[in-house]
Structures are given as structure tokens and as C-alpha cells.
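Examination of the molecular architecture
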Number of protein chains: 2
Amino acid sequence: MSAEIDESARRRPTRAEAKARTRRLLLDAAARVFARKGFAGASVEEIAESAGFSIGALYSHFGGKEALFLALMAERGLGRVAEATHTLERHGAGTGETAAELGRLLVHTADEDTDFAPLQAEFWLYAVRNPHVLDTMATALREPHQALEGLIGSWLAERGAPPEVGAASVASVVAALFQGLVRQRRIAPDSVPEELFGQALIWLFTGIGRGAAATTADQD
Amino acid sequence: MSAEIDESARRRPTRAEAKARTRRLLLDAAARVFARKGFAGASVEEIAESAGFSIGALYSHFGGKEALFLALMAERGLGRVAEATHTLERHGAGTGETAAELGRLLVHTADEDTDFAPLQAEFWLYAVRNPHVLDTMATALREPHQALEGLIGSWLAERGAPPEVGAASVASVVAALFQGLVRQRRIAPDSVPEELFGQALIWLFTGIGRGAAATTADQD
DNA sequence: GTCTATACAGGGATAGAC
DNA sequence: GTCTATCCCTGTATAGAC
């Protein structure tokens, strides 16, 4: 995990580096504990101990429990979603290969990165309950959402989609679908097989490509 | 809300009726408070007072905070989703009219029934964190999910979808999409316009009807 | 910067009166 | 059945030592 740190830095960490390391370890621990116990259910003691420090260190770096939570939200708003989007850029649109890739992404998020979805849910709940952090949340979401939007814009162009179809709307649909399926898989895995996400996107993009218009009745 | 109770019952409520009424009021209050404060953040005192009773009454009807929460989960697992599905049965598949109806359903759920989504999130988090209630949650979900599945089965048949397309999978996709869009709308309303849910379903069903197969590459 | 010790508040649960 | 009073644990936050 810290293999990238070069030798000199490892031998003589400066105070600033040590401080930054403590901060990072506290944030990692906070992500784990908040995901597993929730914001209200988590105690600062458990977070500090899980990071290998004491309560005092936590209060020194962050003002308290809420400040720590908000810092986490700002720094890791959407986890590794940016990377995932980048991965997808290597592929075309709606092919079987992309679908398989997306299936693996969903399975990994739901079954292996088990802290991701609960932490996202905690962030969402906190934002909904505290209107003054709604903006923070919306801001954290904007960047990855726009990355997805750009990617989808290319896909739409490749497939010759009608110009009325906005990439932003399609991006919202894709993101909603992903989050919804991940959560559903956690409580009823059988109802969300690995291929479903990719399959749904194929359906979606096929439908868009075939010019199903907004207010138009079906063509039967 | 209690307009259906006949006159005689209103004049002389038996002890059993009074008890049932207290229980219902406590459950209503619990739904409100749990939605607004979360499971850990809610206090039994606030729930009891919000219902117009004291802590003692709550402990008499339910064993405690957790038992109350679980009772709520079992009784209202998915809120008014069953009714919503029933509403949709009055319409055909993928028409502009149905789309408009679905848009209104989403807007109502996101903007007006403001306690719904947070309460669902609390249920989900609790189930994910306490494996022994995962079954309870899955069970509460099965019935409405099957209703949706039946509805979608008819739609698929009407539109002449390929037989490989399973109604269960499509139902998962539709449910995931709905939940995802509702949550997204709460933090960034502009990114989820009223028509989006209906529009997405039109895309989806058009794609399915045009025979976009699972592992088949696109037909360009 | 990080630790230990402590003050202080909040809330879950129970006992007994009515 | 419902209420009031109380016990006791947990957890946040702070103060001062090193």
C-alpha cells in the first residue's frame, strides 16, 4: 500500500510527512468504521483505535466526529468511480466485451468492496438530513458525473443516436441503474446476476439508437 | 386516515381497538423519526412523544428500539410500492401516457413523500449490517417485486419481446432505476427531470423489443 | 503531535405507581 | 396499558502531561 514511497522518505519521514500519514490513516479508518456502524453508530474511540491512535490524535487533526465525516465526504465523495470510468474509456459502446467488463465492475463493487455502498448511503442520508451539506455532496458528485457524461456522449455519437438525446440524462440513468443494482445485489444476489448491468445497458443503448423519442408513442 | 372505521367502533372503542390504535400511532411516529434521524440517531423518547405517548407505552407494545424498528420493516417494507404497481396496471406498455404517469410517481416519491427514501435507506443499511435480518428484508421485497415482475411480463408479451428476456431481470432493472433516480433527484434535482424515468423505460423496452440479445454484439 | 484521565450529557432500559 | 422516576452505560469533548 505504501510501496510507492521512495527510500529516503521511508528512512527519515519529516514531521509534515508523519502528520500527513496520520491523517490518511485516520481517514481510512473512518471510512471503514462509518461504513460498518453508520455516522451515529460509530464512536470516535473505535475510529482512532482502528487507525492505531488515540482519541486525542483524532481531535488534533479534525475538529471532531462531524468534521471528520465531512472531510471524508469531500475527499472520497465517490470512492473509485473515477477510475472505473477511466477503465471503460478503453472500450467501445454496447459491445459484448464492454458488457462483460461492466458486469465485473458491479460484482466487485457489490461483493468485494463491501464498504463502498454503505458509505455512499451514509453520505446520502447525511446530505438529505443536513441541507447545508447538500452542496458539498452535489459538488463531489459533479466531477465523476461529468466524466461519465463525456464517455456516454462518445458512445451516443458512435451509435448515431438522435441529437435530442442528452448525454447528461443518459448519464443519470446509467449511474442510477448501477447504484440501484449494487444495493439490490447485496440483499438478493440471485436477482442481480453478473451480466445484468451490461445487459441492461445494451438494451438501453439499443433503444436510444433506434430512435425511441421522448413523447412519441410506440411504433407498433 | 381513520375514516373507514365504522361509527359504533368510533363511539365505544374496545380495549383491543385502543391498543391497536396505540400500536399504529407508535409505528407511524417511528417511521417519521427513523427516517429523519436514522436508527442510531433516533431516541425512543422522541418516537414516543411524537406519537403522543410515553416511553413506557412503547416498551409495552414493542420490546425496545430494535424490535420496533424490525416490526416497522416487516409491516412497511416497501411503503406504498404495491399501490403504485397497481396503478401502472391500468396502462399499456411504453406509451407516452404511461411515461407521464411514471414521471409523476417519481416526482411524488422524491419531492413529496420525503420520508420514504431515507427510511428505505435505513432498512437497507440495517439489513446489510445485520445478516440475520437479511432474510426479513428479502422477504419484504419479494411480494412487490413479483407484482412488478408480472406486470412487466405482460408488457414484454405485448411488445413481442424475445422469450430469452426474463421478466425477473427486467423487473430488477426497473426497480433499481427507480430507486437510483429518486435518490439522485434528492441531491441534484436538475439532473433528474420529471420525464426521465418514463423516458428511460421507453428506451429500455424499445431496446428489448428490438431484440438486443445478451451476448450478441451490436447489429451495426 | 500524541497520549491519558476526566467532566459531562444523552439515551436505552427497568421498576413500581396508578 | 400507560405513566413517572431512576439506574447505568456509552460516548463526545476537553485539559493537561510528555
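Reading the values: the criteria
Residues numbered from 1 in each chain as written. Chains lettered and ligands numbered in written order. Predicted model: local features only at pLDDT ≥ 70, side-chain atom pairs only at ≥ 80, totals over all residues. Heavy atoms only, no water. Contact = heavy atoms within 4.5 Å. Buried area = accessible area lost by both parts, 1.4 Å probe. Salt bridge = Lys/Arg side-chain N within 4 Å of Asp/Glu carboxyl O. Helix = DSSP H or I, 4+ residues; strand = E, 2+ residues; numbered from the N terminus. Near = heavy atom within 4 Å. Polar contact = N/O pair within 3.5 Å; in protein donor to acceptor, adjacent residues only side chain to side chain. UniProt positions renumbered as here; feature names shortened; annotations may be inferred. Buried < 20%, exposed > 50% of the residue type's maximum accessible area, 1.4 Å probe, protein only. Least-squares fit on C-alpha atoms with pLDDT ≥ 70 in both. pLDDT = per-residue confidence, 0-100. Nonpolar A, V, L, I, M, F, W, Y, C, P; charged D, E, K, R; others polar. Axes fitted to C-alpha atoms, helices over the stretch in contact; angles between N-to-C directions. Parallel < 35°, antiparallel > 145°, perpendicular 65-115°, else oblique.

A separate point is the interface of chain A and chain B. Every contact between the two is made by 57 residues of chain A and, on the other side, 57 residues of chain B. Of the roughly 4700 Å² buried where chain A meets chain B, counting both sides, 65% is carbon and sulfur surface. Of all residues in chain A, the largest losses of buried area upon contact with chain B belong to Trp124, Ile187 and Trp203 of chain A, amounting jointly to 17% of the total for that side. In this structure, the connection of chain A to chain B is made through two salt bridges. Residue Glu122 of chain B pairs with Arg129 of chain A through a salt bridge whose shortest N-O separation is 2.8 Å. Breaking the side of chain A that touches chain B down by element, the ones donating at least two residues are helix 2 (15-37), helix 8 (116-129), helix 9 (134-158), helix 10 (167-187) and helix 11 (196-209) of chain A. Here the element with the most residues in the side of chain A that touches chain B is helix 10 of chain A; it accounts for 12 residues.

Moving on to the protein's contact with DNA strand C. Contacts to DNA strand C come from 14 residues, most closely from Thr22, Ser54 and His61 of chain A together with Val44 and Tyr59 of chain B. Within 4 Å of the protein, the contacting atoms of DNA strand C are 69% sugar and phosphate, with bases supplying the remainder. In this structure, His61 of chain A approaches DNA strand C through a side-chain N or O atom, which is 2.6 Å from a phosphate oxygen. Take Tyr59 of chain B: an N or O atom from its side chain is 2.8 Å from a phosphate oxygen of DNA strand C. For the surface near DNA strand C, the secondary structure elements donating two or more residues are helix 2 and helix 4 (55-61) of chain A. In terms of residue count, helix 4 of chain A provides more of the surface near DNA strand C than any other element does, four residues in total.

In the UniProt entry, the feature "domain: HTH tetR-type" (unreviewed entry) is given for residues 20-80 of chain A. Taken end to end, residues 20-80 of chain A is 72% helix and 0% strand, and its first and last C-alpha atoms sit 21 Å apart.

Attention shifts here to the side chain of Ser191 of chain B. Structurally, Ser191 of chain B can be placed in the loop between helix 10 (167-187) and helix 11 (196-209). Among the polar contacts made by the side chain of Ser191 of chain B, one reaches the side chain of Gln184 of chain B at a distance of 3.0 Å. Aside from chain neighbours lying at most four places away, what touches Ser191 of chain B is Ser172 of chain A together with Gln184 and Leu196 of chain B.

All names here are of chain A. Taken as a whole, this structure holds 16 salt bridges over all chains when the rule is applied. Asp115 is the partner of Arg36 in a salt bridge, and the nearest nitrogen-oxygen pair spans 3.0 Å. In this pair, Arg36 is assigned in helix 2 and Asp115 in the loop between helix 7 (96-112) and helix 8, connecting sequence segments 79 residues apart. The exposure class assigned to Arg36 is partly exposed, which follows from its relative accessible area of 46%. Here Glu46 makes a salt bridge to Lys37, at a shortest N to O gap of 2.8 Å. With relative accessibility at 30%, the residue Glu46 sits in the partly exposed group. Residues joined in a network through salt bridges with shared partners are Arg24, Asp28 and Arg76.

Look at the two chain copies: a rotation about an axis and a shift along it is all it takes to match them. With an axial shift of 0.0 Å and an RMSD of 0.0 Å, the rotation relating chain A to chain B amounts to 180°. Taken together, the rotation and translation describe the operation of a two-fold axis. Distance from the rotation axis, computed per C-alpha, reaches its smallest value in chain A at Gly207 of chain A: 1.8 Å. Most of the interface of chain A is mirrored in chain B, where 100% of its interface residues again form contacts.

This part takes up the confidence of the model for chain A. A low pLDDT means the predicted coordinates there should not be read in detail. Looking at chain A as a whole, the pLDDT averages 89, with 89% of positions reaching at least 70. Every residue in residues 214-220 of chain A is under pLDDT 50, and counting partners more than four places away or in other chains gives 11 contacts.

What surrounds DNA strand D is a group of 14 residues, the closest being Val44 and Tyr59 of chain A together with Thr22, Ser54 and His61 of chain B. In DNA strand D, atoms within 4 Å of the protein come from the sugar-phosphate backbone in 75% of cases. The separation between a phosphate oxygen of DNA strand D and a polar main-chain atom of Ala42 of chain A is 3.0 Å. Here a phosphate oxygen of DNA strand D and a side-chain polar atom of Ser54 of chain B are 2.5 Å apart. Every element with two or more residues in the surface near DNA strand D is listed here: helix 2 (15-37) and helix 4 (55-61) of chain B. For the surface near DNA strand D, the element with the highest residue contribution is helix 4 of chain B, accounting for four residues. Split into classes, the residues belonging to the surface near DNA strand D amount to five nonpolar, seven polar and two charged.

For the rest of this paragraph, the subject is the packing of helix 10 of chain A against helix 9 (residues 134-158) of chain B. Running from N to C, helix 10 of chain A and helix 9 of chain B point in directions that differ by 120°, and their axes come no closer than 9 Å. Relative to helix 9 of chain B, helix 10 of chain A is oriented oblique. Residues Gln184, Arg186 and Ile187 of chain A of helix 10 of chain A lie in contact with helix 9 of chain B, whose contacting residues are Leu134, Met137, Ala138, Leu141 and His145 of chain B. Grouping the constituent residues of the contact of helix 10 of chain A with helix 9 of chain B by class yields five nonpolar, two polar and one charged.

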